[in-house]
Amino acid sequence: MIAIHNPSVFVLVIEPDETLANQLAFDLQEAGYDAIVAHDAVNGLEYCGDACGVQNRNQPALIVIDRMLIGESGLSLCKNIRNMGNRSPVLILMARDTIDDRIACLDAGANDYILKPYRSEDFLKLIHLYLKPDLDTTEQLRFGDLVLDIGTRRAIYNSKAIDLTMKEFELLKFLMEHPREVLSREQILENVWGYDFMGESNVIEVYVRYLRLKIEEEGQKRLIQTVRGVGYVLRES
């Protein structure tokens, strides 16, 4: 068990492999974060804070879950955490990087994933993205009834607040920065995923799908339109 220096803010690591769990916790502490380690789903739930039914304990600022837990899938655990009301960012540790795996993570309520074999630099870069303080800014991007708040990284559509994962936010931000401009898949990959992205190019479809589900629910008109053979454009129907 890793001691917490500041019990109000900590990262929860749910990892059955003791060596990997200790490495994750060590890297977190070296980067200035407090960490707690749980080796199974039952103990992990106990640290999820008041939203998971535990009294007098703060929620973790972020939760890291290995997809392969003993006795329960990490994705099932993620669903349970979400069903209990916990909205902390969740990162899934997984060994494969396919479209089906990404969809499974998003369907479970996870915000993102970390690939094995574990690399400290990649892990901490992702942690920093999710745990950096909200920007002290009131900057907003607007497109019709759609508003993207840069400081909170949340969308508002027809007065309804929409929670976004980090990549959903970055994708929507890029589209809203170039309204009515047809953006190629290559432009989107370069600006949202970066030059060093080595995954499957149809990752864009996965995230467009989830943005559409969140923004266009209840019969809302389509804003993110597919331009066949080229890419995507944000425009009114």
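Residues numbered from 1 in each chain as written. Predicted model: local features only at pLDDT ≥ 70, side-chain atom pairs only at ≥ 80, totals over all residues. Heavy atoms only, no water.

Visitor: Is there a simple way to think about the pairing of strand β3 (residues 62–66) in this case?
Guide: As a general feature of sheets, a regular strand has side chains that alternate between the two faces. Of all five residues in β3, five are buried, a share of seventy percent or more. As paired elements, strand β1 (residues 11–14) and β3 share four bridges and run parallel to each other. For Ile14, the partnering residue across the bridge sits in β3 and is Ile65. Pairing of β3 with strand β4 (residues 90–94), which is carried by four bridges, proceeds in the parallel orientation. Residue Val64 lies in a different strand from β4, and its bridge partner there is Leu91. (Buried < 20%, exposed > 50% of the residue type's maximum accessible area, 1.4 Å probe, protein only. Helix = DSSP H or I, 4+ residues; strand = E, 2+ residues; numbered from the N terminus. Pairing = 2+ DSSP bridges.)

Visitor: So what exactly am I meant to see when it comes to the pattern of salt bridges here?
Guide: When the charged atoms of two side chains lie near each other, side chains of opposite charge can form a pair. Applying the stated criterion across every chain, the model contains 11 salt bridges. Lys116 is the partner of Asp66 in a salt bridge, and the nearest nitrogen-oxygen pair spans 2.6 Å. Of this pair, Asp66 sits in strand β3 while Lys116 sits in the loop between β5 (112–115) and α5 (120–131), and the two are 50 residues apart along the sequence. Accessibility expressed as a relative area gives 1% for Asp66, which makes it buried. As a salt-bridge pair, Arg67 and Asp101 come within 2.8 Å of each other at their nearest N and O atoms. Of the two residues, Arg67 sits in the loop between β3 and α3 (74–83) while Asp101 sits in helix α4 (residues 99–107), which places them 34 residues apart along the sequence. Shared partners join several salt bridges into a network, and the residues in it are Arg67, Arg96 and Asp101. (Salt bridge = Lys/Arg side-chain N within 4 Å of Asp/Glu carboxyl O.)

Visitor: For this particular structure, what's the right way to read the packing of aromatic side chains?
Guide: The relation between two aromatic rings is expressed through the spacing of the ring centres and the mutual angle of the planes. A complete count under the given rule lists two aromatic pairs for this structure. Judged by centre distance (5.5 Å) and plane angle (65 degrees), the ring pair of Tyr118 and Phe123 falls under edge-to-face. This pair shows no difference in class: Tyr118 is buried, exactly as Phe123 is. Ring centres of Trp193 and Tyr207 lie 5.6 Å apart, and the angle between their planes is 65 degrees; on these two criteria the pair is classed as edge-to-face. With Trp193 in helix α7 (residues 185–193) and Tyr207 in helix α8 (residues 203–215), the pair connects residues that are 14 residues apart, well separated along the chain. One exposure class covers both Trp193 and Tyr207, and it is buried. (Phe/Tyr/Trp six-rings, centres within 6.5 Å; stacked < 30°, edge-to-face > 60°.)

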